[in-house]
Amino acid sequence: MAADSDASGGAPSADEASVLAAFDDAAPLTAEEVASAVGLDAESTAAALDALVERGALRRKTVSGVDADARERPRDEAREDLDVDLWYLPEDRLADGDVVVTIDDDRAIEDALDELAFPGASELMRDWRRDAVRAAYEYLRERGPADREALAEDVYPAHSAGYADAESWLSCVAPRLTELPGVERSDDRFRAD
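Keep in mind that what you see is a predicted model, and the values were worked out from it rather than measured.

Chemist: I'd love a proper account of the overall build of the protein, names of residues and values included.
Modeler: Across its full length, the protein holds eight helices and seven strands. Carbon and sulfur atoms make up 45% of the accessible area of the protein, which totals about 11000 Å².

Here it is, written out as structure tokens:
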């Protein structure tokens, strides 16, 4: 499963990807179970779990435990000693019992766009071209797979980014579009998961 970006808005960390991969079904896991499954120390596991909760990739719930020896629920402070924190996948990440592999994360897209280099004599021109790639991505997300011709016909007119013709625009947009998370290109057809 792909991981979301970390809480600071940067690129996904290897620890987060490993931790998220430990959740292969709807079963909740403790931090200790996750750490054991992925081979990370407690601190790294906790940091990755917190970042994934902040991104919405995981949920956290504290459940009150039962003292198995006493066969009853303890009261007040003693109960807190038995509380267990569990992490689990949100319902929208599960489909027919299977984990949804792709994670829609607008911040990850924005981070990827910020890392791309764009041609242009001014920051404003580079921002227009960044916006053109963003618009092409949003078009793919909303409309589904599209070829270069459809992108040029449907996206270029409103987001020309200073280019006089669609072919020059495509020369800028197409290679950068494939650098975004979840975008795949097969021949001249683009698809965003």
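Chemist: How would you explain the pattern of salt bridges if you had to name every residue and give the values?
Modeler: If you walk through the whole model with that rule in mind, you get nine salt bridges. Between Arg143 and Asp154 there is a salt bridge, and its shortest N-O distance comes to 3.9 Å. Here Asp154 lies in helix H7 (residues 148–154) and Arg143 lies in helix H6 (residues 123–143), a separation of 11 residues in the sequence. A residue is classified by how much of its surface remains accessible, and Asp154, at 37% relative accessible area, is partly exposed. A salt bridge links Asp188 to Arg185; its shortest N-O distance comes to 3.0 Å. Here the salt bridges do not stand alone but share partners, grouping Glu110, Asp131 and Arg134 into one network.

So, how was this worked out
Residues numbered from 1 in each chain as written. Predicted model: local features only at pLDDT ≥ 70, side-chain atom pairs only at ≥ 80, totals over all residues. Heavy atoms only, no water. Helix = DSSP H or I, 4+ residues; strand = E, 2+ residues; numbered from the N terminus. Areas by Shrake-Rupley, 256 points an atom, 1.4 Å probe, with all protein chains shown as cover. Salt bridge = Lys/Arg side-chain N within 4 Å of Asp/Glu carboxyl O. Buried < 20%, exposed > 50% of the residue type's maximum accessible area, 1.4 Å probe, protein only.

Remember, this is a structural readout, not a statement about activity or role.
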